[in-house]
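Examination of the molecular architecture
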Amino acid sequence: MDVAIRCRQLRKTYEGKVEAVRGLDLEILAGECFGLLGPNGAGKTTTIEILEGLLQPTSGEVEILGSTWNAQNRELREVLGISLQETRLGEKLTVRETLDLFASFYRRPRSTNEVMAEMALTEKANTWVGKLSGGQRQRLAVATALVANPKILFLDEPTTGLDPQSRRQLWEIIRQFQQRGGTVLLTTHYMDEAERLCDRIAIIDHGLTIASGTPAELIERLGGHHMVEFDATGDGLRELEAWRSLPGVEAVHEEDGKVVLSVREPHETIPALLAALQKQNSHLLHLTTRQASLEDVFVRLTGRHLREE
Amino acid sequence: MGKSPPTTCQEGKVNSTTATPENGRWKGYEYLLLARLKELYREPEVIFWVFAFPILLALGLGIAFRNKPTDTSRVAVVAGPGAARALELLGAAPARDAVHAEVLPAGDAFNQFRLGKYDLVVTPRADSYEYRYDPARPESVLARTVTDDALQAAAGRTNAVPTTSRASSEPGARYIDFLIPGLLGMNLMNSGMWGIGFALVDMRQRRLLKRFVASPMRRGDFLLALASSRLVLMLIELALLLSFGVLAFHMRVMGSLLSILVISALGALCFGGVGLLTASRAQKIETVSGLINVVLMPMWILSGSFFSYERFPAILQPLIKALPLTALNDALRAAILEGAPLVHQAMRLFVLCLWGAVSYFLALRWFRWT
């Protein structure tokens, strides 16, 4: 497989103080949908903007489709489609005028009509951008990237603030682009988005990759595929190490006053758990089991939730 | 440039079958200019400030300061034994139409004189008249002279030398003639500064500039489109104000339209450059609004848009003449009112070019797209 995007030892320091990115390595293959996942302020936007050639890294190398930014600036821009976080397009231009404008910058753009049809914007072709809903604006922002007929699509938090239906709609568009052979790099702080959409993920925190791989690999690395969450009366509950020794338990942590166990096989662990509680004379107040998610991976790695400020 | 696109991705472009015909070199510029003009045209504020406001200002000021025969002098005569005789003399004078006199008690007369309702107070004495006037008020000084002449003539003074007068009020010397080129200059400055400076910072704040440079848009084309949109607007501003002056106030345009056009275009581009400079780094529209006002305010006052800058102390004159709006106003007045050819205005045009060139040079060095 060809490498579409590669960066090595990427660093970015703002005004000599804030280290937004602290030595990041990424390799994204052609045809892949790759997700940068991390909480707000993790350095996702800084990273993607460096890769887009909009920010100069303090140090490190970037290669897009085998070329570097300084060498082939304009030629490279011809083949990239970029949607920034929160761009407010001209409010008094219509959807069609906005797309025509962006199409005019490219040597060989796609037809505006076709892109509008694909993005379900045809009905809004003659509506001013200022009159569009949040979901429509976000689709238009992605449309301005797709009209370029790009090889690589960069999307910075494409679905932040959208309702579930608009998010699904956008996911579908991204999948279609990928099916036609396009490469996608997106940032998100939504776990489910990364799990459903991305072939591979890098989890970023404080400017560093703390884990990367396919969603399944990352969850696998957690040790257990299932999470058992419970709460009970009595004082024995807080001694987390005690729960670690139950059969099938890979890891234990506390969350919102409940004990969370990562387990391989719930049917082995749960009877043992109930027996242990009975021995301590404590009553179960709460018990749930669920599939492990990327959120659990993140909590396990950082001790924090992704959406926490 | 000119190299083939990177071809690491062997499949080529993702949608190669659906691409439209190749875009030419100037397509981007064309669409940027078109988009800019559409946005301006759809912005009611722009229509008002750029087109309606200067016309309304010209209309208002033109009416308020229209050249009309000097007002009748309003004279208060203090009631008393000599008041009737004074009125009689004034009524019999050859210049009686120039004086409107009324008899009032002393207290009221002086009080209303102080409030500006009367220009002069005449107090009859035993065998003389005492005038009370305000040397700082031109109409008061005039009233004293006119009233004195009327009284003296009515009382029998004869002129030592016969004189005759003929009235003459030609277009070209009136306040409105002075005002229209000044308004034009000021309007070119205001719309250049706001149209370029404010628009750019607004686009930067919305991250639209960044989105543009993320595409293969040529940055030079973008700036060129902005400048072109200013020139298109300039043409409309010029046509509107000049034809308004000609139609509503019978203003006479002495210079060639071409020279007026050249001066206006230079002015529009010069202030476009200053606007670009003001906007080169500001991240927030609040910041740039403040900056623009700091630049505009001194020129509104100093550069002779509404009144001649000759009124300022001599020591300030070189400074005032070095301001771009002063150069623009002077050049427009000379071309419109006196028909001065461009070669006679080299110095003023040079001042405009210099301001423009220095602004563009610094702006392009400092300009931030993100």
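Glancing now at the overall build of chain A. Across its full length, chain A holds eleven helices and 13 strands. Taken along the three principal axes of its C-alpha coordinates, chain A extends 75 × 45 × 40 Å. When the 309 residues of chain A are sorted by exposure, 55% land in the buried category. Counting contacts in chain A only where the partners sit at least 6 residues apart, residues at least 24 apart contribute 68% of the total. Summed over all atoms, the accessible surface of chain A reaches about 12,900 Å², with 46% contributed by carbon and sulfur. Each charge class in chain A can be summarised by its mean position, and for the 36 positive and 45 negative side chains these summaries are 5 Å apart.

This brings us to the overall build of chain B. Scanning chain B from terminus to terminus reveals 13 helices and four strands. With the C-alpha coordinates of chain B rotated into their principal frame, the extents come out at 115 × 40 × 40 Å. The long-range share in chain B, meaning contacts at least 24 apart out of those at least 6 apart in sequence, stands at 76%. On chain B, roughly 19,300 Å² of surface is accessible, and the fraction owed to carbon and sulfur atoms is 63%. Computed over 38 positive and 27 negative side-chain charges, the inter-centroid distance for chain B is 11 Å.

Our focus in this paragraph is helix 6 (residues 175-205) of chain B. For an α-helix, the turn length of 3.6 residues means that residues three or four places apart are oriented alike. Residue and element names in this part refer to chain B. Given a rise of 1.5 Å per residue, 31 residues ought to cover 45 Å, and the 43 Å separating the end C-alpha atoms of helix 6 matches this to within 8%. The element helix 6 is extensively covered by neighbouring structure, given that 25 of its 31 residues are classed as buried. Positive backbone phi, at 65°, marks R207, one or two positions downstream of helix 6.

Listed as interface residues are 44 residues of chain B and, on the opposing side, 52 residues of chain A. For the pair chain B and chain A, the summed buried surface comes to about 4,600 Å²; carbon and sulfur atoms form 56% of the total. When residues of chain B are sorted by the area they lose upon contact with chain A, B:R206, B:R211 and B:P216 head the list and together hold 16% of the total. Our count for the contact surface shared by chain B and chain A stands at six salt bridges. The interface formed by chain B and chain A holds 18 residue pairs in polar contact (both at pLDDT 80 or more) in total. Counting only elements with at least two residues in the side of chain B that touches chain A, the list comes to helix 1 (27-41) and helix 7 (208-213) of chain B. Top element by residues in the side of chain B that touches chain A is helix 1 of chain B. It accounts for seven residues. Per-class residue counts for the side of chain B that touches chain A are 17 nonpolar, 14 polar and 13 charged.

Partitioning chain B into domains gives domain 1 (28-64 + 174-366) and domain 2 (73-154). A separation of 50 Å is found between the C-alpha centroids of domain 1 of chain B and domain 2 of chain B.

On to the sheet that holds strand 1 (residues 73-78) of chain B. All names here are of chain B. Strand order in the open sheet formed by four strands is 2-1-3-4, and the pairing between neighbours is mixed. Pairing within the sheet leaves two strands with one partner each, and these edge strands are strand 2 (99-104) and strand 4 (129-132). Averaged over neighbouring strand pairs, the angle between their axes works out to 25° when direction is ignored. Each of strand 1, strand 2, strand 3 (120-124) and strand 4 is contacted by helix 3 (residues 83-92), which is oriented at about 170° to strand 2, the strand it contacts most. Lying over the sheet, helix 4 (residues 106-114) contacts strand 1, strand 2, strand 3 and strand 4, oriented at roughly 155° with respect to strand 3.

This part is about the sheet that holds strand 11 (residues 249-255) of chain A. Residue and element names in this part refer to chain A. Overall, antiparallel pairing links the four strands, which are arranged 11-12-10-13 in an open sheet. The open sheet is flanked by strand 11 and strand 13 (284-291), the only strands paired with a single partner. Geometrically, the sheet is characterised by an average inter-axis angle of 20° between neighbouring strands, direction not taken into account. Each of strand 10 (226-232), strand 11, strand 12 (258-263) and strand 13 is contacted by helix 10 (residues 266-279), which is oriented at about 15° to strand 10, the strand it contacts most. Sitting on the sheet, helix 11 (residues 294-302) touches strand 10, strand 11 and strand 13, and the angle it makes with strand 11 is about 80°.

Here four bridges tie strand 3 of chain B to strand 4 of chain B, and the two strands are oriented antiparallel to one another. If you follow B:P124 over to strand 4 of chain B, its bridge partner there is B:Y129.

Moving on, we get to the pattern of salt bridges. In total, this model carries 35 salt bridges over all chains according to the counting rule given. Close ionic contact of A:E172 with A:R175 constitutes a salt bridge, the shortest N to O distance being 3.4 Å. Of this pair, A:E172 and A:R175 both sit in helix 6 (residues 164-179), three residues apart, roughly one helical turn. A salt bridge links B:R36 to B:E39, with the shortest nitrogen-to-oxygen separation between them at 3.9 Å. Of this pair, B:R36 and B:E39 both sit in helix 1, three residues apart, which is roughly one turn of that helix. Overall, the relative accessible area of 19% leaves B:E39 in the buried class. Within the structure, one salt-bridge network assembled from shared partners comprises A:R74, A:E75, A:E78 and A:R107.

Glancing now at the environment of A:F34. Residue and element names in this part refer to chain A. Mapping F34 onto the fold places it in strand 3 (residues 33-37). Judged by its relative accessible area of 3%, F34 is buried. Here the alpha-carbon distance between F34 and V184, two residues 150 residues apart in the chain, equals 6.1 Å. When sequence neighbours within four positions are dropped, the list of residues in contact with F34 reads L26, E27, I28, V184, L185, L186, C198, R200, I201 and A202.

For the rest of this paragraph, the subject is the packing of helix 6 of chain B against helix 9 (residues 257-278) of chain B. For any two helices packed against each other, the geometry comes down to the angle between their axes and how far apart the axes lie. Residues and elements named next belong to chain B. Helix 9 packs onto helix 6 with a crossing angle of 35° between their chain directions and a minimal axis gap of 7 Å. The handedness of the crossing between helix 6 and helix 9 is right-handed. The residues of helix 9 that touch helix 6, namely those facing L184, L188, M189, G192, M193, I196, G197 and L200, are S264, A268, F271, G272, V274, G275, L276 and T278. Of the residues in the contact of helix 6 with helix 9, the class split is ten nonpolar, six polar and no charged.

As a further point, take the nonpolar core. Grouped together as the largest cluster of nonpolar side chains are 153 residues, with contacts concentrated most on A:I64, A:F154 and B:F222. In contact with A:I64, not counting residues within four places along its chain, are A:A4, A:I5, A:L51, A:W69, A:L76, A:L80, A:I152 and A:F154.

So, about helix 10 of chain A. All names here are of chain A. Helix length check: helix 10 (14 residues) gives 20 Å between terminal C-alpha atoms against 20 Å at 1.5 Å per residue, within 8%. Of the positions making up helix 10, those classed as buried are P266, T269, I270, L273, A276 and L277. Buried residues of helix 10, viewed axially, fall in a sector of 130°; they line one side. Of the exposed residues in helix 10, those oriented more than 90 degrees away from the buried face are H267, Q278 and K279. Taken from the residues just after helix 10, N281 is the one with a positive phi, measuring 65°.

With that settled, consider the side chain of A:T98. All names here are of chain A. With respect to the element layout, T98 can be found in helix 3 (residues 95-103). A residue is classified by how much of its surface remains accessible, and T98, at 3% relative accessible area, is buried. Ignoring sequence-local partners within four residues, the contact set of T98 consists of L89, L93, V129, L140 and T144.

Reading the values: rules and limits
Sequence order as written defines residue numbering, which begins from 1 separately in each chain. Throughout, the order in which chains and ligands are written sets their labels, letters from A for the former and numbers from 1 for the latter. Confidence filtering applies because this is a predicted model: local features only for residues at pLDDT of at least 70, side-chain atom pairs given and counted only at 80 or more, and all residues used for totals across whole chains, interfaces and linings. The basis for the side-chain values is all heavy atoms of the structure; hydrogens and waters are excluded. Segments assigned H or I by DSSP are reported as helices when at least four residues long, segments assigned E as strands when at least two residues long, and all are numbered from the N terminus. Relative accessibility under 20% of the residue-type maximum defines a buried residue, over 50% an exposed one, and the middle range a partly exposed one, all with a 1.4 Å probe and only protein chains included. Contact between two residues is taken to exist if any of their heavy atoms lie within 4.5 Å; hydrogens are not considered. The method behind every accessible area is Shrake-Rupley, applied with a 1.4 Å probe, and residues are considered shielded solely by the protein chains displayed. In this charge count, Lys and Arg are treated as positive and Asp and Glu as negative; neither His nor the chain ends contribute. In plain terms, the charge of a residue is placed at NZ if it is Lys, CZ if Arg, CG if Asp and CD if Glu. A helix is expected to span 1.5 Å multiplied by its residue count minus one. Summed over both partners, the accessible area (1.4 Å probe) lost when two parts come together is defined as the buried area. Within this document, salt bridges are pairs made up of a side-chain nitrogen of Lys or Arg and a carboxyl oxygen of Asp or Glu, the two lying within 4 Å of each other. Two N or O atoms count as a polar contact when they lie within 3.5 Å, although within protein this holds only if one can serve as hydrogen donor and the other as acceptor, and sequence-adjacent residues are included solely when both atoms are side-chain atoms. When residues are grouped by polarity, Ala, Val, Leu, Ile, Met, Phe, Trp, Tyr, Cys and Pro land in nonpolar, Asp, Glu, Lys and Arg in charged, and all others, Gly among them, in polar. Segmentation of the chain into domains, including their bounds, is taken from an automatic or database domain assignment. Two strands pair if DSSP finds at least two bridges between them. For helices, the fitted axis covers only the stretch in contact; all axes are lines through C-alpha atoms, and the angles between them, taken along N-to-C directions, range from 0 to 180 degrees. The sense of a crossing depends on the near helix, which, turned anticlockwise from the far helix by less than a right angle, makes the crossing left-handed and, turned clockwise, makes it right-handed. What makes a nonpolar core is a set of buried Ala, Val, Leu, Ile, Met, Phe, Trp, Tyr and Cys residues whose side-chain atoms join them at distances within 4.5 Å. What the arc describes is the spread of directions from the helix axis to the C-beta atoms.

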